[in-house]
Amino acid sequence: MKVKNIKAYGTVAADADLKQLDINRREVTAKDVEIDILYCGVCHSDLHFARNDWGMTQYPVVPGHEIVGKVLNVGKDVKQYKEGDLVAVGCLVDSCRSCNNCKNDLEQYCPEWVGTYGGYDKHLETNTHGGYSETIVVDEAFVLSIPENLDLAGIAPVLCAGITTWSPLRHWNVGKDSKVAVVGLGGLGHMAIKLADALGAHVTLFSRSTNKTDDAKALGADEVIISTDESQMEGAMGRFDLIIDTVPYEHDLNPYVGTLNTNGTLVVVGYLGPLDPMLVTVPLIMGRKSVAGSLIGGIAETQELLDFCGKHNITSDIEVINMQDINIAYERMLKSDVKYRFVIDMKSLKN
Ligand code: NAP
Ligand code: ZN
Ligand code: ZN
């Protein structure tokens, strides 16, 4: 298979900084779209993966799955896109396309789903490499259209932070009468607030300190509860239909379960791993409450979200950085020092 050598940014070890690397991209096959990457969002998952927090990373890693770009070239059988189109790619670049999940637009739960980075690239027989790079080649079935009215850099985080919170909002039928809470105001959390607000829900933020209260309200939250204040947590008992928990690290879920209404669901999208302290089942049983998980969203659902964002003029609140500043950005993300998503201007890698 013919390949092109391009510039990317990635890491070769869990404890190494990200640096410039050369990687290969395949030349387009019949169904492929070659994309010149304009912007790429910086997700906390990029950091987890680069540093092997989940114990599954194979190096080298080129992170990035919030990709916005312009079509450079298409394969001969590509129907939906042409040279010059503005397009996006999220967390998925392939799946088996024949299992029940794939048939039901749930490619993210396909046992053979291929992540945009760290997945298995069947064309090059190596790991897939993500959006911290000059270009990417993706099958048109996994390429998305972006609304024309939105800021290109601001759209990028919709591809992961947006869809990861949109999917549970839609699955649990959030609408005008819903009471939704979001745990953690970061990349995912700020998109969750905007989207739940746009769906008409009453929105509450749980945050660790009062620092983000004004921002949360400006983003669309009706109220803020400080999760480290026991009396505030006590006052929130039995209130929420859906809680979206975006916290990336181990934490106690039990106080949040207490704030669910009868039939309410706490959906964990942030932390991946065992719980300590363990979950107490009594409130689950006494109130028919659920604790659930959710992974990104399917391709059709991501397109639905992009269209919704176009209609409601929703983009992410971002700080644009150069590729060379990614290591500083990771350290700042760990300190929650970003309002509320870093987006890389990919020009900085190309120059
Ligand atoms: P982020 O921007 O760093 O935001 C995380 C927020 O969690 C922080 O702003 C902070 O909000 C809160 N937090 C509470 N305890 C924390 C702690 N010990 N350290 C740092 N933050 C803490 O991260 P993100 O990009 O939104 O991603 C959140 C998590 O979702 C990550 O673990 C990521 O891997 C995961 N993720 C999952 C999916 C999925 O499909 N399920 C998709 C994308 C990302 P306050 O200051 O308001 O408390
Ligand atoms: Zn992500
Ligand atoms: Zn499948």
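The following paragraphs examine the structure supplied in this document.

Calculation notes
- Every chain is numbered on its own, with residues counted from 1 as its sequence reads.
- As they are written, the chains are lettered A onward and the ligands numbered 1 onward, keeping that order.
- This being a predicted model, a pLDDT of at least 70 is required before a residue's local features are given, and a value of 80 or more before pairs of side-chain atoms are given or counted; all residues contribute to the totals for chains, interfaces and linings.
- Derived side-chain values reflect all non-hydrogen atoms in the structure, with water molecules and hydrogen atoms excluded from consideration.
- Any N, O or S atom lying within 2.8 Å of the metal counts as a donor, and for Na, K and Ca the limit rises to 3.2 Å; water is left out, so some sites can look incomplete.
- Four donors are marked tetrahedral only if all angles between them lie between 85 and 135 degrees, whereas four are marked square planar and six octahedral if opposite donors are more than 155 degrees apart and the other angles lie between 65 and 115; the remainder are marked irregular.
- Burial classification: accessible surface area is computed with a 1.4 Å probe over protein chains only, and a residue below 20% of its type maximum counts as buried, one above 50% as exposed, and the rest as partly exposed.
- Numbering of helices and strands runs from the N terminus; a helix is a DSSP stretch of H or I covering at least four residues, while a strand is a stretch of E covering at least two.
- Whether a set of points on the 1 Å grid over the protein atoms alone is a cavity depends on a 1.4 Å probe fitting there but being unable to get out, while an open set qualifies as a pocket with protein on both sides within 12 Å along at least five of seven lines; lining residues are those with an atom within 4 Å of a point.
- Grid points are joined across faces, edges and corners, and a volume is the space filled by probe spheres set on the points.
- Each residue is assigned to one of three groups, with Ala, Val, Leu, Ile, Met, Phe, Trp, Tyr, Cys and Pro labelled nonpolar, Asp, Glu, Lys and Arg labelled charged, and all others, Gly among them, labelled polar.
- Note on terminology: near, applied to a residue and a molecule or strand, indicates that one of the residue's heavy atoms is within 4 Å of it.
- Residues adjacent in sequence count toward polar contacts only when both atoms are side-chain atoms; beyond that, a polar contact is any pair of N or O atoms within 3.5 Å, and within protein one must be able to donate a hydrogen and the other to accept it.
- At least two bridges found by DSSP between two strands are what make those strands a pair.

Let's shift gears to the coordination of the zinc ion (ligand 3). Bound to the zinc ion (ligand 3) on the protein side are Cys96 (SG), Cys99 (SG), Cys102 (SG) and Cys110 (SG), at distances that span 2.3 to 2.4 Å. Every donor counted, the 4 donor atoms about the zinc ion (ligand 3) form angles of 104 to 116 degrees at the centre, which fits tetrahedral coordination. Binding-site remark: the zinc ion (ligand 3) is held by donors from one chain whose sequence spacing is C-x2-C-x2-C-x7-C. Judged by its relative accessible area of 24%, Cys96 falls in the partly exposed class.

What follows is about the environment of Lys79. By secondary structure assignment, the location of Lys79 is in the loop between strand S4 (67-74) and strand S5 (86-89). Overall, Lys79 belongs to the exposed group, its relative accessible area being 69%.

Attention now goes to the layout of surface pockets. Volume-wise, the second largest pocket comes out at about 280 Å³. For the lining of the second largest pocket, the secondary-structure elements that each account for two or more residues are strand S2 (19-26), strand S6 (92-94), strand S8 (120-121), strand S9 (126-127) and strand S10 (135-139). Considering every element that reaches the lining of the second largest pocket, the biggest residue donor is S10, with 4 residues. Looking at the lining of the second largest pocket residue by residue, the class counts come to 7 nonpolar, 8 polar and 9 charged.

This paragraph deals with the site of ligand 1. The environment of ligand 1 is made up of 27 residues, and the closest members are His44, Ser207, Lys212, Ile296 and Arg341. One of the backbone nitrogen or oxygen atoms of Leu185 is found 2.8 Å away from an oxygen atom of ligand 1. Here an oxygen atom of ligand 1 and a side-chain polar atom of Ser207 are 2.6 Å apart. Top element by residues in the shell around ligand 1 is helix H1 (residues 44-50). It accounts for 3 residues. Broken down by class, the residue content of the shell around ligand 1 amounts to 12 nonpolar, 12 polar and 3 charged.

Enumeration according to the criterion identifies 1 cavity of 30 Å³ or more in this entry. Taken as a whole, the largest cavity holds about 80 Å³ of empty space. Around the largest cavity, the lining residues are Gly90, Cys91, Leu92, Phe142, Leu144, Leu159, Ile163, Ile296, Gly297, Ile299 and Thr302. Split by residue class, the lining of the largest cavity holds 8 nonpolar, 3 polar and no charged.

Let us look at the pairing of strand S19 (residues 341-345). The side chains of a regular strand alternate between both faces of the sheet. Of all 5 residues that make up S19, 5 are buried, and the element is covered over most of its length. Taking every second residue as pointing to the same face, both faces of S19 are buried, with Arg341, Val343 and Asp345 on one and Phe342 and Ile344 on the other. Here 4 bridges tie strand S3 (residues 32-42) to S19, and the two strands are oriented antiparallel to one another. Paired with Cys40 across the two strands is Ile344, which belongs to S19. Pairing between strand S18 (residues 318-322) and S19: 5 bridges, direction parallel. Opposite Glu319, over in S19, you have Phe342 as the bridge partner.

In short, the description is geometric, and any link to function would need to be established separately.
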